[in-house]
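Chain by chain, the residues:
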Amino acid sequence: MQNICVVGTGYVGLTTGVCFADLGNRVTCIEIDIHKLDTLRSGRTPIYEPGLQELLERNLRAGRIVFTDDYVSALVDTSFVFITVGTPMSGNGAADLSQVEASAHSIGLNLTHDAIIIDKSTVPVGTGDMVNKIIAANLRPNISFSIVSNPEFLREGSAISDFFNPDRIVLGADDREAAQRVADLHAPLGAEAIITDLRTAEMIKYASNAFLATRISFINEIAQICEKLGADVKEVARGMGADRRIGPHFLDAGVGYGGSCFPKDVLALYYMAASAGCHPQLLQAVMDINRDARCRFVQKLRDILGTLDGTLIGVLGLSFKPNTDDMREASSVAIINELQAEGARVKAYDPVAMEAASEILPTVTYCATAYDVAKEADALLVVTEWNEFKQLAFDKIKQYMRQPIVLDGRNIYDPMEMQAKGFTYRGVGR
Ligand code: UGA
(Lines give C-alpha, C1' and ligand atoms only; values in the text may rest on other atoms or scores of the structure.)
Protein backbone atom coordinates (compact mmCIF):
# COMPACT_ATOMS: atom_id res chain seq x y z
CA MET A 1 0.00 0.00 0.00
CA GLN A 2 1.36 3.41 -1.02
CA ASN A 3 0.07 6.94 -0.55
CA ILE A 4 -0.48 8.47 -3.95
CA CYS A 5 -1.55 11.95 -4.97
CA VAL A 6 -3.04 12.61 -8.41
CA VAL A 7 -3.25 16.21 -9.66
CA GLY A 8 -6.13 16.70 -12.11
CA THR A 9 -9.16 14.46 -12.59
CA GLY A 10 -9.63 14.33 -16.37
CA TYR A 11 -9.78 10.99 -18.21
CA VAL A 12 -6.22 10.07 -17.35
CA GLY A 13 -6.18 11.41 -13.79
CA LEU A 14 -9.48 9.96 -12.65
CA THR A 15 -8.77 6.57 -14.21
CA THR A 16 -5.27 6.52 -12.71
CA GLY A 17 -6.54 7.52 -9.26
CA VAL A 18 -9.46 5.12 -9.16
CA CYS A 19 -7.42 2.19 -10.53
CA PHE A 20 -4.48 2.69 -8.14
CA ALA A 21 -7.03 2.87 -5.29
CA ASP A 22 -8.55 -0.38 -6.53
CA LEU A 23 -5.10 -1.98 -6.32
CA GLY A 24 -5.18 -1.23 -2.58
CA ASN A 25 -3.34 2.12 -2.43
CA ARG A 26 -4.54 5.26 -0.63
CA VAL A 27 -5.19 7.94 -3.27
CA THR A 28 -5.89 11.65 -2.93
CA CYS A 29 -6.99 13.42 -6.10
CA ILE A 30 -6.60 17.18 -6.38
CA GLU A 31 -9.20 18.99 -8.47
CA ILE A 32 -9.45 22.77 -8.46
CA ASP A 33 -12.73 22.97 -10.42
CA ILE A 34 -15.25 23.19 -7.56
CA HIS A 35 -18.15 21.95 -9.67
CA LYS A 36 -16.21 18.83 -10.69
CA LEU A 37 -15.01 18.36 -7.13
CA ASP A 38 -18.61 18.35 -5.81
CA THR A 39 -19.63 15.81 -8.43
CA LEU A 40 -16.74 13.50 -7.54
CA ARG A 41 -17.27 13.85 -3.79
CA SER A 42 -20.92 12.88 -4.23
CA GLY A 43 -19.70 9.67 -5.87
CA ARG A 44 -20.43 10.48 -9.49
CA THR A 45 -17.92 10.60 -12.33
CA PRO A 46 -18.10 13.76 -14.47
CA ILE A 47 -17.18 11.75 -17.60
CA TYR A 48 -18.72 8.75 -19.33
CA GLU A 49 -16.28 5.87 -19.24
CA PRO A 50 -17.43 2.23 -19.05
CA GLY A 51 -16.74 0.70 -15.61
CA LEU A 52 -15.42 3.92 -14.03
CA GLN A 53 -18.55 4.76 -12.01
CA GLU A 54 -18.67 1.35 -10.31
CA LEU A 55 -14.96 1.47 -9.52
CA LEU A 56 -15.28 5.01 -8.12
CA GLU A 57 -18.16 4.03 -5.82
CA ARG A 58 -16.36 0.91 -4.60
CA ASN A 59 -13.18 2.75 -3.69
CA LEU A 60 -14.97 5.74 -2.15
CA ARG A 61 -16.91 3.30 0.06
CA ALA A 62 -13.70 1.56 1.04
CA GLY A 63 -12.14 4.95 1.91
CA ARG A 64 -9.22 4.37 -0.47
CA ILE A 65 -9.84 7.48 -2.58
CA VAL A 66 -10.65 11.08 -1.58
CA PHE A 67 -11.01 14.30 -3.56
CA THR A 68 -9.80 17.73 -2.49
CA ASP A 69 -8.74 21.12 -3.84
CA ASP A 70 -6.16 21.55 -1.08
CA TYR A 71 -2.54 20.79 -2.01
CA VAL A 72 -1.34 20.99 1.61
CA SER A 73 -3.48 18.12 2.92
CA ALA A 74 -3.18 16.14 -0.32
CA LEU A 75 0.61 16.08 -0.25
CA VAL A 76 0.98 15.02 3.40
CA ASP A 77 2.57 11.53 3.59
CA THR A 78 2.52 11.13 -0.20
CA SER A 79 5.43 9.30 -1.83
CA PHE A 80 4.19 9.54 -5.44
CA VAL A 81 2.62 12.63 -7.01
CA PHE A 82 1.14 12.15 -10.49
CA ILE A 83 0.62 15.22 -12.67
CA THR A 84 -2.33 14.42 -14.96
CA VAL A 85 -3.63 17.86 -15.91
CA GLY A 86 -4.74 18.84 -19.41
CA THR A 87 -2.35 19.99 -22.13
CA PRO A 88 -4.78 21.42 -24.70
CA MET A 89 -3.84 22.82 -28.09
CA SER A 90 -2.89 26.48 -28.02
CA GLY A 91 -3.64 28.85 -30.88
CA ASN A 92 -0.52 27.94 -32.89
CA GLY A 93 -0.80 24.16 -32.41
CA ALA A 94 1.79 23.90 -29.67
CA ALA A 95 0.73 22.30 -26.39
CA ASP A 96 -0.56 24.77 -23.79
CA LEU A 97 1.43 23.97 -20.65
CA SER A 98 -0.15 26.48 -18.28
CA GLN A 99 -1.90 23.80 -16.19
CA VAL A 100 1.32 21.75 -15.92
CA GLU A 101 3.23 24.86 -14.85
CA ALA A 102 0.59 25.81 -12.28
CA SER A 103 0.53 22.34 -10.72
CA ALA A 104 4.36 22.15 -10.61
CA HIS A 105 4.34 25.51 -8.87
CA SER A 106 1.78 24.36 -6.26
CA ILE A 107 3.58 21.05 -5.69
CA GLY A 108 6.86 22.90 -5.14
CA LEU A 109 5.30 25.33 -2.66
CA ASN A 110 3.48 22.70 -0.63
CA LEU A 111 5.75 19.66 -0.55
CA THR A 112 7.02 19.04 3.00
CA HIS A 113 8.96 15.78 2.48
CA ASP A 114 10.85 13.84 -0.23
CA ALA A 115 8.68 12.59 -3.10
CA ILE A 116 8.70 11.35 -6.69
CA ILE A 117 6.83 13.59 -9.13
CA ILE A 118 5.47 11.62 -12.07
CA ASP A 119 4.37 13.38 -15.22
CA LYS A 120 1.59 11.47 -16.97
CA SER A 121 0.21 14.36 -19.04
CA THR A 122 1.25 14.35 -22.70
CA VAL A 123 3.89 17.07 -22.71
CA PRO A 124 6.42 18.32 -25.27
CA VAL A 125 9.90 16.90 -25.03
CA GLY A 126 11.80 18.93 -22.43
CA THR A 127 8.79 19.63 -20.18
CA GLY A 128 10.10 17.27 -17.47
CA ASP A 129 13.17 19.48 -17.18
CA MET A 130 10.95 22.56 -16.95
CA VAL A 131 8.80 20.96 -14.20
CA ASN A 132 12.01 20.09 -12.38
CA LYS A 133 13.10 23.74 -12.44
CA ILE A 134 9.72 25.10 -11.32
CA ILE A 135 9.48 22.71 -8.36
CA ALA A 136 13.10 23.31 -7.35
CA ALA A 137 12.58 27.08 -7.45
CA ASN A 138 9.63 26.91 -5.05
CA LEU A 139 10.72 24.12 -2.72
CA ARG A 140 11.59 24.50 0.98
CA PRO A 141 15.16 23.66 1.97
CA ASN A 142 16.31 20.08 2.66
CA ILE A 143 13.61 18.39 0.62
CA SER A 144 14.57 16.32 -2.39
CA PHE A 145 12.47 15.11 -5.27
CA SER A 146 12.85 13.34 -8.61
CA ILE A 147 10.92 13.75 -11.84
CA VAL A 148 9.75 10.66 -13.73
CA SER A 149 7.98 10.79 -17.07
CA ASN A 150 5.34 8.04 -17.29
CA PRO A 151 3.30 8.59 -20.45
CA GLU A 152 -0.19 7.15 -20.47
CA PHE A 153 -1.43 4.94 -23.32
CA LEU A 154 -5.02 4.32 -22.24
CA ARG A 155 -7.84 4.80 -24.70
CA GLU A 156 -11.14 6.46 -23.95
CA GLY A 157 -13.93 3.91 -23.87
CA SER A 158 -11.61 1.15 -22.64
CA ALA A 159 -9.57 3.14 -20.13
CA ILE A 160 -10.10 0.79 -17.17
CA SER A 161 -9.14 -2.39 -18.98
CA ASP A 162 -6.22 -0.54 -20.66
CA PHE A 163 -4.99 0.53 -17.21
CA PHE A 164 -5.09 -3.00 -15.81
CA ASN A 165 -3.68 -4.65 -18.97
CA PRO A 166 -0.99 -2.32 -20.35
CA ASP A 167 1.33 -3.44 -23.15
CA ARG A 168 4.20 -1.68 -21.42
CA ILE A 169 4.99 0.87 -18.71
CA VAL A 170 7.29 3.61 -20.04
CA LEU A 171 9.36 5.41 -17.39
CA GLY A 172 11.85 8.14 -18.12
CA ALA A 173 14.08 9.66 -15.48
CA ASP A 174 17.56 10.91 -14.88
CA ASP A 175 17.30 9.27 -11.43
CA ARG A 176 17.06 5.55 -12.29
CA GLU A 177 16.28 4.58 -8.70
CA ALA A 178 13.17 6.81 -8.77
CA ALA A 179 12.10 5.21 -12.07
CA GLN A 180 12.51 1.77 -10.52
CA ARG A 181 10.31 2.76 -7.57
CA VAL A 182 7.57 3.85 -9.97
CA ALA A 183 8.06 0.56 -11.85
CA ASP A 184 7.52 -1.27 -8.52
CA LEU A 185 4.29 0.68 -7.99
CA HIS A 186 3.07 -0.75 -11.31
CA ALA A 187 4.32 -4.29 -10.55
CA PRO A 188 0.79 -5.72 -9.90
CA LEU A 189 -0.05 -4.96 -13.57
CA GLY A 190 2.54 -7.49 -14.73
CA ALA A 191 3.71 -5.42 -17.73
CA GLU A 192 7.24 -4.87 -18.97
CA ALA A 193 8.75 -1.62 -17.66
CA ILE A 194 10.81 0.28 -20.22
CA ILE A 195 13.14 2.55 -18.27
CA THR A 196 14.85 5.31 -20.21
CA ASP A 197 15.76 8.98 -19.88
CA LEU A 198 13.24 11.78 -19.37
CA ARG A 199 13.21 13.23 -22.88
CA THR A 200 13.08 9.84 -24.58
CA ALA A 201 10.04 8.81 -22.53
CA GLU A 202 8.28 12.06 -23.49
CA MET A 203 9.09 11.37 -27.15
CA ILE A 204 7.82 7.76 -26.97
CA LYS A 205 4.33 9.07 -26.25
CA TYR A 206 4.25 11.46 -29.22
CA ALA A 207 5.87 8.95 -31.56
CA SER A 208 3.34 6.26 -30.54
CA ASN A 209 0.29 8.46 -31.11
CA ALA A 210 1.71 9.87 -34.34
CA PHE A 211 2.44 6.37 -35.62
CA LEU A 212 -1.11 5.17 -34.87
CA ALA A 213 -2.51 8.28 -36.58
CA THR A 214 -0.18 7.57 -39.53
CA ARG A 215 -1.58 4.05 -39.84
CA ILE A 216 -5.11 5.49 -39.99
CA SER A 217 -4.17 8.08 -42.62
CA PHE A 218 -2.25 5.42 -44.53
CA ILE A 219 -5.26 3.11 -44.70
CA ASN A 220 -7.52 6.05 -45.59
CA GLU A 221 -5.21 6.85 -48.51
CA ILE A 222 -5.28 3.19 -49.57
CA ALA A 223 -9.10 3.33 -49.26
CA GLN A 224 -9.24 6.24 -51.68
CA ILE A 225 -7.10 4.29 -54.18
CA CYS A 226 -9.21 1.15 -53.65
CA GLU A 227 -12.36 3.08 -54.58
CA LYS A 228 -10.81 4.18 -57.87
CA LEU A 229 -9.34 0.78 -58.73
CA GLY A 230 -12.20 -1.45 -57.57
CA ALA A 231 -10.57 -3.13 -54.56
CA ASP A 232 -12.04 -3.56 -51.06
CA VAL A 233 -9.99 -1.81 -48.35
CA LYS A 234 -11.43 -3.99 -45.58
CA GLU A 235 -10.06 -7.10 -47.25
CA VAL A 236 -6.82 -5.30 -48.07
CA ALA A 237 -6.40 -4.41 -44.37
CA ARG A 238 -7.16 -8.01 -43.40
CA GLY A 239 -4.57 -9.28 -45.83
CA MET A 240 -1.98 -6.74 -44.70
CA GLY A 241 -2.73 -7.20 -41.01
CA ALA A 242 -2.06 -10.94 -41.14
CA ASP A 243 1.61 -10.10 -41.70
CA ARG A 244 3.03 -10.09 -38.16
CA ARG A 245 5.34 -7.23 -39.05
CA ILE A 246 2.28 -5.11 -39.84
CA GLY A 247 -0.39 -6.41 -37.43
CA PRO A 248 -4.17 -5.98 -37.74
CA HIS A 249 -4.79 -2.95 -35.48
CA PHE A 250 -5.53 0.65 -36.46
CA LEU A 251 -6.18 -0.24 -40.08
CA ASP A 252 -9.90 0.61 -40.15
CA ALA A 253 -10.54 3.07 -42.96
CA GLY A 254 -13.26 5.61 -42.31
CA VAL A 255 -14.00 9.28 -41.84
CA GLY A 256 -10.74 9.95 -40.03
CA TYR A 257 -9.40 10.07 -36.51
CA GLY A 258 -10.66 12.50 -33.87
CA GLY A 259 -10.58 12.81 -30.11
CA SER A 260 -8.54 14.71 -27.60
CA CYS A 261 -5.24 13.01 -28.47
CA PHE A 262 -4.34 12.20 -32.09
CA PRO A 263 -5.24 15.58 -33.66
CA LYS A 264 -3.57 17.50 -30.82
CA ASP A 265 -0.51 15.29 -30.51
CA VAL A 266 0.29 15.02 -34.23
CA LEU A 267 0.03 18.81 -34.50
CA ALA A 268 2.14 19.34 -31.36
CA LEU A 269 4.83 16.97 -32.65
CA TYR A 270 4.74 18.76 -36.01
CA TYR A 271 5.17 22.06 -34.20
CA MET A 272 8.02 20.71 -32.02
CA ALA A 273 9.79 19.35 -35.10
CA ALA A 274 9.34 22.52 -37.14
CA SER A 275 10.52 24.71 -34.24
CA ALA A 276 13.64 22.54 -34.01
CA GLY A 277 14.38 23.15 -37.70
CA CYS A 278 13.11 19.77 -38.99
CA HIS A 279 10.81 19.34 -41.97
CA PRO A 280 8.07 16.94 -40.77
CA GLN A 281 6.57 16.09 -44.18
CA LEU A 282 4.97 12.81 -43.14
CA LEU A 283 3.17 14.40 -40.18
CA GLN A 284 1.86 17.11 -42.51
CA ALA A 285 0.50 14.45 -44.88
CA VAL A 286 -1.10 12.54 -41.99
CA MET A 287 -3.04 15.67 -40.99
CA ASP A 288 -4.00 16.57 -44.58
CA ILE A 289 -5.28 13.07 -45.33
CA ASN A 290 -7.34 13.08 -42.13
CA ARG A 291 -9.02 16.36 -43.08
CA ASP A 292 -9.65 15.08 -46.61
CA ALA A 293 -11.26 11.85 -45.33
CA ARG A 294 -14.11 13.94 -43.93
CA CYS A 295 -14.40 16.14 -47.04
CA ARG A 296 -14.48 13.12 -49.37
CA PHE A 297 -17.30 11.60 -47.34
CA VAL A 298 -19.44 14.71 -47.86
CA GLN A 299 -18.40 14.78 -51.53
CA LYS A 300 -19.84 11.26 -51.96
CA LEU A 301 -23.18 12.52 -50.72
CA ARG A 302 -23.01 15.54 -53.03
CA ASP A 303 -22.28 13.20 -55.96
CA ILE A 304 -25.37 11.11 -55.20
CA LEU A 305 -27.83 13.89 -54.33
CA GLY A 306 -26.59 16.51 -56.81
CA THR A 307 -27.01 19.25 -54.24
CA LEU A 308 -27.19 19.28 -50.48
CA ASP A 309 -29.29 22.43 -50.41
CA GLY A 310 -32.75 21.76 -49.00
CA THR A 311 -32.05 18.12 -48.13
CA LEU A 312 -32.67 16.42 -44.78
CA ILE A 313 -29.68 14.33 -43.71
CA GLY A 314 -29.69 11.83 -40.84
CA VAL A 315 -26.47 11.25 -38.89
CA LEU A 316 -25.91 8.15 -36.75
CA GLY A 317 -23.17 8.58 -34.13
CA LEU A 318 -21.60 11.85 -32.98
CA SER A 319 -18.84 11.05 -30.47
CA PHE A 320 -15.31 10.75 -31.89
CA LYS A 321 -15.53 6.98 -31.39
CA PRO A 322 -17.95 4.54 -29.71
CA ASN A 323 -18.27 4.08 -25.92
CA THR A 324 -17.53 7.68 -25.05
CA ASP A 325 -19.50 10.94 -24.94
CA ASP A 326 -16.37 12.86 -25.96
CA MET A 327 -16.99 15.24 -28.86
CA ARG A 328 -13.50 16.75 -29.04
CA GLU A 329 -12.31 16.91 -32.67
CA ALA A 330 -15.05 14.42 -33.61
CA SER A 331 -15.37 13.81 -37.36
CA SER A 332 -19.13 14.37 -36.96
CA VAL A 333 -18.54 18.06 -36.24
CA ALA A 334 -16.58 18.74 -39.45
CA ILE A 335 -19.07 16.69 -41.50
CA ILE A 336 -22.20 18.28 -40.04
CA ASN A 337 -20.75 21.79 -40.34
CA GLU A 338 -20.09 21.18 -44.03
CA LEU A 339 -23.58 19.75 -44.62
CA GLN A 340 -25.25 22.70 -42.90
CA ALA A 341 -23.05 25.24 -44.67
CA GLU A 342 -24.44 23.92 -47.95
CA GLY A 343 -28.05 24.22 -46.86
CA ALA A 344 -28.83 20.72 -45.57
CA ARG A 345 -30.91 20.24 -42.45
CA VAL A 346 -29.38 17.66 -40.12
CA LYS A 347 -30.91 15.36 -37.56
CA ALA A 348 -28.85 13.02 -35.46
CA TYR A 349 -28.79 10.33 -32.80
CA ASP A 350 -25.99 9.16 -30.53
CA PRO A 351 -26.44 6.79 -27.56
CA VAL A 352 -24.53 9.03 -25.10
CA ALA A 353 -23.02 12.10 -26.77
CA MET A 354 -26.09 14.17 -27.65
CA GLU A 355 -25.89 16.44 -24.61
CA ALA A 356 -22.23 17.23 -25.28
CA ALA A 357 -22.94 17.54 -29.02
CA SER A 358 -25.80 20.01 -28.56
CA GLU A 359 -23.33 22.57 -27.20
CA ILE A 360 -21.13 22.37 -30.30
CA LEU A 361 -23.87 21.67 -32.87
CA PRO A 362 -26.88 23.64 -31.56
CA THR A 363 -28.88 23.67 -34.80
CA VAL A 364 -29.02 19.89 -35.26
CA THR A 365 -32.33 18.17 -34.45
CA TYR A 366 -31.57 15.45 -31.91
CA CYS A 367 -33.66 12.27 -32.08
CA ALA A 368 -34.49 9.56 -29.52
CA THR A 369 -33.58 6.60 -31.74
CA ALA A 370 -31.78 5.70 -34.96
CA TYR A 371 -35.19 5.03 -36.52
CA ASP A 372 -36.38 8.57 -35.78
CA VAL A 373 -33.28 9.86 -37.57
CA ALA A 374 -34.28 7.88 -40.67
CA LYS A 375 -37.77 9.41 -40.88
CA GLU A 376 -38.10 11.60 -44.01
CA ALA A 377 -34.30 11.63 -44.43
CA ASP A 378 -32.78 11.92 -47.91
CA ALA A 379 -29.73 10.00 -46.72
CA LEU A 380 -28.44 8.27 -43.61
CA LEU A 381 -24.77 8.76 -42.62
CA VAL A 382 -22.99 6.45 -40.16
CA VAL A 383 -20.23 8.51 -38.56
CA THR A 384 -19.51 6.57 -35.32
CA GLU A 385 -19.68 2.78 -35.21
CA TRP A 386 -21.73 2.25 -32.04
CA ASN A 387 -22.73 -1.42 -31.64
CA GLU A 388 -26.44 -0.60 -31.68
CA PHE A 389 -26.16 0.58 -35.32
CA LYS A 390 -24.75 -2.74 -36.51
CA GLN A 391 -28.03 -4.67 -36.70
CA LEU A 392 -30.70 -2.10 -37.48
CA ALA A 393 -34.00 -3.21 -39.06
CA PHE A 394 -33.27 -1.84 -42.52
CA ASP A 395 -36.66 -2.80 -43.95
CA LYS A 396 -38.21 -0.38 -41.45
CA ILE A 397 -35.55 2.25 -42.12
CA LYS A 398 -36.14 2.03 -45.86
CA GLN A 399 -39.85 2.70 -45.38
CA TYR A 400 -39.12 5.71 -43.19
CA MET A 401 -36.61 7.36 -45.51
CA ARG A 402 -37.47 9.69 -48.35
CA GLN A 403 -34.66 8.14 -50.38
CA PRO A 404 -32.92 4.86 -49.43
CA ILE A 405 -29.35 6.15 -49.36
CA VAL A 406 -26.82 4.98 -46.75
CA LEU A 407 -23.27 6.34 -46.45
CA ASP A 408 -21.32 4.16 -44.09
CA GLY A 409 -18.36 6.15 -42.78
CA ARG A 410 -17.10 3.24 -40.67
CA ASN A 411 -17.70 0.27 -42.98
CA ILE A 412 -20.00 -1.54 -40.54
CA TYR A 413 -22.39 -2.93 -43.17
CA ASP A 414 -21.94 -5.44 -45.96
CA PRO A 415 -22.16 -3.61 -49.33
CA MET A 416 -23.84 -6.57 -51.10
CA GLU A 417 -26.46 -7.00 -48.38
CA MET A 418 -27.27 -3.30 -48.34
CA GLN A 419 -27.68 -3.24 -52.11
CA ALA A 420 -29.85 -6.39 -51.93
CA LYS A 421 -32.06 -4.56 -49.42
CA GLY A 422 -32.59 -1.83 -52.00
CA PHE A 423 -30.24 0.84 -50.68
CA THR A 424 -27.87 3.04 -52.59
CA TYR A 425 -24.92 2.21 -50.34
CA ARG A 426 -21.42 3.69 -50.15
CA GLY A 427 -18.78 2.61 -47.67
CA VAL A 428 -15.21 3.91 -47.51
CA GLY A 429 -12.72 2.27 -49.87
CA ARG A 430 -14.89 -0.58 -51.12
C1 UGA B 1 -5.42 7.34 -28.28
C2 UGA B 1 -4.42 6.18 -28.20
O3 UGA B 1 -4.97 5.01 -28.83
C4 UGA B 1 -4.07 5.84 -26.75
O5 UGA B 1 -3.08 4.83 -26.69
C6 UGA B 1 -3.55 7.12 -26.07
O7 UGA B 1 -3.28 6.90 -24.69
C8 UGA B 1 -4.58 8.22 -26.18
O9 UGA B 1 -4.86 8.46 -27.58
C10 UGA B 1 -4.01 9.45 -25.54
O11 UGA B 1 -3.03 9.98 -26.03
O12 UGA B 1 -4.48 9.82 -24.44
P13 UGA B 1 -8.07 7.60 -27.96
O14 UGA B 1 -7.91 8.98 -28.49
O15 UGA B 1 -8.87 7.39 -26.72
O16 UGA B 1 -6.63 6.91 -27.67
O17 UGA B 1 -8.78 6.76 -29.09
P18 UGA B 1 -8.39 5.65 -30.18
O19 UGA B 1 -9.11 4.41 -29.86
O20 UGA B 1 -6.95 5.54 -30.38
O21 UGA B 1 -9.07 6.29 -31.48
C22 UGA B 1 -8.69 7.56 -31.98
C23 UGA B 1 -9.42 7.89 -33.24
O24 UGA B 1 -8.94 7.09 -34.31
C25 UGA B 1 -10.93 7.67 -33.22
O26 UGA B 1 -11.57 8.76 -33.81
C27 UGA B 1 -11.14 6.41 -34.03
O28 UGA B 1 -12.40 6.38 -34.67
C29 UGA B 1 -10.01 6.54 -35.04
N30 UGA B 1 -9.59 5.23 -35.61
C31 UGA B 1 -8.98 4.32 -34.82
C32 UGA B 1 -9.75 4.99 -36.96
O33 UGA B 1 -10.29 5.82 -37.72
N34 UGA B 1 -9.31 3.79 -37.48
C35 UGA B 1 -8.72 2.86 -36.72
O36 UGA B 1 -8.34 1.80 -37.26
C37 UGA B 1 -8.55 3.11 -35.35
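Quick caveat, the model's predicted, so the values are computed rather than measured.

Novice: I'm lost on the packing of aromatic side chains in this one. Help?
Specialist: The tally for this structure, following the rule as stated, stands at eight aromatic pairs. When the centroid spacing of 5.9 Å and the interplanar angle of 80 degrees are considered together, the rings of Y257 and F262 count as edge-to-face. For the pair Y257 and F262, a shared accessibility class is recorded, and that class is buried. By way of ring pairs, the aromatic residues F20, F82, F163 and F164 are connected into one cluster. The ring centre of Y400 lies 4.9 Å from the NZ or CZ of K375, which sits over that ring. Between the NZ or CZ atom of K396 and the centre of the ring of Y371, over which it lies, the distance is 4.4 Å.

Novice: I tried to follow the nonpolar core on my own but got confused; where do I start?
Specialist: It is characteristic of soluble globular proteins that their nonpolar side chains tend to be buried jointly. V7, I107, L111, I117, I135 and Y257 are the most contacted members of the largest nonpolar core, which has 38 residues in total. Ranked by residue count, the leading element in this core is helix α9 (residues 198-229), at five residues. Looking at this core, you find at least three residues from each of domain 1 (3-196) and domain 2 (254-426). Dropping the residues within four chain positions of it, V7 is found in contact with I30, Y71, V81, F82, I83, T84, V85, S103 and I107. Core analysis: the second largest hydrophobic core is formed by 32 residues, L52, L55, F80 and F163 among them.

Novice: Is there a simple way to think about the site of the ligand in this case?
Specialist: Within the structure, the ligand sits among 20 residues, and F153, L154, E156, K205 and N209 are positioned closest to it. Contact distances for the ligand include 2.9 Å between an oxygen atom and a backbone N or O atom of G258. One nitrogen or oxygen atom from the side chain of K321 is found 2.8 Å from an oxygen atom belonging to the ligand. When the ligand is considered free in solution it has 710 Å² of accessible area, and contact with the protein chains removes 91% of it. It is α9 that provides the largest number of residues to the shell around the ligand, a total of three residues. For the shell around the ligand, the domains that each give at least three residues are domain 1 (3-196) and domain 2 (254-426).

Novice: Before we go on, may I ask you to explain the environment of A179 in this structure?
Specialist: Positionally, A179 belongs in helix α8 (residues 176-185). Of the residues examined, A179 reaches a relative accessible area of 0% and is grouped as buried. Remark: the alpha-carbon pair of A179 and V148, spanning 31 residues in sequence, is separated by 6.2 Å. For A179, the contacting residues outside a window of four places in its chain are V148, L171, A173 and I195.

Novice: When you look at the pattern of salt bridges in this model, what are you seeing that I'm missing?
Specialist: Close approach of charged atoms lets side chains of opposite charge pair. The full count for this structure, using the stated rule, is 20 salt bridges. Residue D22 pairs with R58 through a salt bridge whose shortest N-O separation is 2.9 Å. One end of the pair, D22, is in helix α1 (residues 11-22); the other, R58, is in helix α3 (residues 52-61), and 36 residues separate them in sequence. Judged by relative accessible area, which is 41%, R58 ranks as partly exposed. When the shortest N-O distance is used, the salt bridge between E342 and R302 registers 2.6 Å. Of this pair, E342 sits in the loop between α13 (331-341) and β10 (345-349) while R302 sits in helix α12 (residues 281-305), placing them 40 residues apart in sequence. The partly exposed category is assigned to E342, whose relative accessible area is 30%. By sharing partners, the salt bridges in this structure join E156, D326 and R328 into a single network.

Novice: Where do I start with the side chain of D326 in this structure?
Specialist: Secondary-structure assignment places D326 in the loop between β9 (312-316) and α13. Apart from the residues within four sequence positions on either side, D326 is in contact with Y11, E156, S260, S319 and F320.

Novice: Looking at this structure, I do not really get the pairing of strand β12 (residues 379-382). What am I missing?
Specialist: Looking along a regular strand, one sees side chains alternate from face to face of the sheet. Covered by surrounding structure in β12 are A379 and L381 together with L380 and V382, the residues of both alternating faces. Pairing geometry for β9 and β12, over four bridges, is parallel. Pairing of I313 across the sheet is with A379, part of β12. Direction of pairing for β12 relative to strand β13 (residues 405-408): parallel, over a ladder of three bridges.

Novice: For this particular structure, what's the right way to read the packing of α9 against helix α10 (residues 233-241)?
Specialist: In a packed pair of helices, the relevant descriptors are the angle between the two axes and the axis-to-axis distance. Between α9 and α10, the shortest axis-to-axis distance is 9 Å and the interhelical angle comes to 130 degrees. The angle between α9 and α10 places the two elements in the oblique class. Helix-helix and strand crossings are classified by hand; for α9 and α10 the assignment is right-handed. Residues F218, I219, I222, A223 and C226 of α9 touch α10, and the partners they reach there are V233, V236, A237 and M240. Of the residues that constitute the contact of α9 with α10, the class distribution is nine nonpolar, no polar and no charged.

Novice: I keep staring at the packing of helix α11 (residues 262-275) against α12 and nothing clicks. Help me out?
Specialist: Running from N to C, α11 and α12 cross one another at 150 degrees; their axes reach a closest spacing of 9 Å. Judged on the interaxial angle alone, α12 and α11 are roughly antiparallel. At the point where α11 passes α12, the crossing takes the left-handed sense. The residues of α12 that touch α11, namely those facing V266, L267, L269 and Y270, are L283, Q284, V286 and M287. Considered class by class, the residues forming the contact of α11 with α12 number seven nonpolar, one polar and no charged.

Basis of the calculations
- Residues numbered from 1 in each chain as written.
- Predicted model: local features only at pLDDT ≥ 70, side-chain atom pairs only at ≥ 80, totals over all residues.
- Heavy atoms only, no water.
- Phe/Tyr/Trp six-rings, centres within 6.5 Å; stacked < 30°, edge-to-face > 60°.
- Buried < 20%, exposed > 50% of the residue type's maximum accessible area, 1.4 Å probe, protein only.
- Lys NZ or Arg CZ within 6 Å of the ring centre and 35° of its normal.
- Core = buried A, V, L, I, M, F, W, Y, C linked by side-chain atoms within 4.5 Å.
- Helix = DSSP H or I, 4+ residues; strand = E, 2+ residues; numbered from the N terminus.
- Domains from an automatic or database assignment.
- Contact = heavy atoms within 4.5 Å.
- Near = heavy atom within 4 Å.
- Polar contact = N/O pair within 3.5 Å; in protein donor to acceptor, adjacent residues only side chain to side chain.
- Areas by Shrake-Rupley, 256 points an atom, 1.4 Å probe, with all protein chains shown as cover.
- Salt bridge = Lys/Arg side-chain N within 4 Å of Asp/Glu carboxyl O.
- Pairing = 2+ DSSP bridges.
- Axes fitted to C-alpha atoms, helices over the stretch in contact; angles between N-to-C directions.
- Parallel < 35°, antiparallel > 145°, perpendicular 65-115°, else oblique.
- Left-handed = near helix turned anticlockwise from the far one by under 90°.
- Nonpolar A, V, L, I, M, F, W, Y, C, P; charged D, E, K, R; others polar.

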